[in-house]
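Below are the chains, spelled out letter by letter.
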Amino acid sequence: MRWTPDECRPGDIVRVKLGAIYHYGVFVSEDEVVQFGEPPVSGLIPGGDKKVLATDIETFAAGGIVERSELDRSEEKKRFPREKTVALARSRIGEGGYDIIHNNCEHFAYECLFGVGRSLQEEEMRKKWRSRPFLDVYVAEIPEGLELTPVFPPERQAEIERVNNARSKREKYAVWKLLEKALYRSLGLRIEDLSFKKRRDGKWTADGVEFSLSHSKGACAVAVSSRPVGIDIENADDFLARYSDGDKLRSLAKRVSTASELKGAADPEAFLRLWTKKEAIFKLSGRGSFFPHKIDTAKTPAETRLLCLPAAYCVSVAGEKLDKLRFYRVTDNGAHEMGADEMK
């Protein structure tokens, strides 16, 4: 598709550049351009929900230069007849539900032309946004009475349904719902728009997205990043209670630590940090079976935090872009970035 300032014909998509963005509509005549919301120019934007409406070409242009679409051969084959495009545009006058990301004026124009909504400028902005260097970690408590509703994709729903232990089922469900929130907040992606696969090692992946999941007694954690990432969360009180016996701790530390790690692993909290770090590095690699004594934490960048939710949880994150690492706590009231008073 090319854009030219030539004479418009009924059924053309037209656009006008206003500031840094384009405003789109469907041309019917000089007296009628159907568009989703008036041009985004100060003084012209009506209050309340934007609706599909018709204006004359001068109002649509708002002082800018109107360009019409020139379709290539393949696009001409896919487009609706001009009369149908005009009829579709007119039939939607008065429709609301505007959303700048998912349902804007460009989506409207493409739907009237091809039957499928698309926003090239939104796609370009998203591409740039998603390719930025970032590493976001989301953590949330898991309530006892959590209601389990169906999740996407169906394969993940089936996996959850196969879990017999009630607590494990809640954790698997909660971490997936947390992933849903994380993807939308960090990347503007709806989980239904992704194609998920489960690898033989049990890890879930999706094309174009890097994420890692973990859950522990009472809480779950999700990491999303522009680069491969691994995460592990452990309930600190529960973990330390299991290894409060010094002899038991030292015996385990000998089995899972490298020679350089062993000296510091004798302290219970230090061992907790070491264990979560090894788990996170293993998830980052995504290969083979988990043999902690073969994972040298000195060779892979990783960060560890002790979080207060208010219960204490140890979280380790492995991967690149650790300088961009941010932690968010998710509650019913939304997500907020965690400060120094909530972690150490």
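Our subject is the structure listed above.
All values reported here derive from a predicted model rather than from experimental measurement.

Draft legend 1. Geometry of the sheet that holds strand β14 (residues 312-319). The strand order across the open sheet built from 3 strands is β12-β14-β13, with neighbouring strands paired in antiparallel fashion. The sheet is open, and its two edges are formed by β12 (229-235) and β13 (302-308), each paired on a single side. In this sheet, neighbouring strand axes are inclined to one another by 15 degrees on average, regardless of whether the strands run parallel or antiparallel. Against the sheet, helix α11 (residues 268-285) contacts β12, β13 and β14, and its axis sits at roughly 145 degrees relative to β12.

Draft legend 2. Main features of the sheet that holds strand β11 (residues 219-225). Strand order in the open sheet formed by 5 strands is β10-β11-β7-β15-β16, with mixed pairing between adjacent strands. At either margin of the open sheet sits one strand with a lone partner, and together these are β10 (210-216) and β16 (334-337). Pairs of neighbouring strands in the sheet enclose a mean axial angle of 20 degrees, with direction left out of account. Note that β10 and β11 share 7 bridges and pair antiparallel.

Draft legend 3. View of a negative patch on the surface. On the surface, Asp 6, Glu 7, Glu 30, Asp 31, Asp 56 and Glu 58 cluster together into a negatively charged patch. As for its placement among the helices and strands, Glu 58 is situated in helix α1 (residues 57-61).

Draft legend 4. Region of interest: the packing of aromatic side chains. Scanning all chains against the criterion turns up 13 aromatic pairs. Plain terms: the ring middles of Trp 3 and Tyr 24 are 5.8 Å apart, the flat faces sit at 75 degrees to each other, and that makes the pair edge-to-face. Of this pair, Trp 3 sits in strand β1 (residues 2-4) while Tyr 24 sits in strand β3 (residues 21-29), and the two are 21 residues apart along the sequence. An angle of 20 degrees between the planes, with centres 5.2 Å apart, marks the rings of Tyr 138 and Tyr 328 as stacked. Here Tyr 138, found in strand β7 (residues 135-141), pairs with Tyr 328, found in strand β15 (residues 325-331); they are 190 residues apart in sequence, far enough to count as distant. Across the pair, exposure class does not vary: Tyr 138 and Tyr 328 are buried alike. Cluster of aromatic residues (ring-pair linked, three or more members): Phe 239, Phe 271, Trp 275, Phe 282 and Phe 290. Positioned above the aromatic ring of Tyr 22 is the side chain of Arg 15, whose terminal nitrogen or guanidinium carbon lies 3.8 Å from the ring centre. In this structure, Lys 294 packs its charged tip against the face of Phe 291, placed 5.0 Å from the ring centre.

What counts and how
- Residues numbered from 1 in each chain as written.
- Predicted model: local features only at pLDDT ≥ 70, side-chain atom pairs only at ≥ 80, totals over all residues.
- Heavy atoms only, no water.
- Pairing = 2+ DSSP bridges.
- Helix = DSSP H or I, 4+ residues; strand = E, 2+ residues; numbered from the N terminus.
- Axes fitted to C-alpha atoms, helices over the stretch in contact; angles between N-to-C directions.
- Contact = heavy atoms within 4.5 Å.
- Patch = residues over 30% accessible without salt bridge, like charges linked within 9 Å, V, L, I, M, F, W, Y side chains within 5 Å.
- Areas by Shrake-Rupley, 256 points an atom, 1.4 Å probe, with all protein chains shown as cover.
- Salt bridge = Lys/Arg side-chain N within 4 Å of Asp/Glu carboxyl O.
- Lys, Arg positive; Asp, Glu negative; His and termini not counted.
- Charge placed at Lys NZ, Arg CZ, Asp CG, Glu CD.
- Phe/Tyr/Trp six-rings, centres within 6.5 Å; stacked < 30°, edge-to-face > 60°.
- Buried < 20%, exposed > 50% of the residue type's maximum accessible area, 1.4 Å probe, protein only.
- Lys NZ or Arg CZ within 6 Å of the ring centre and 35° of its normal.

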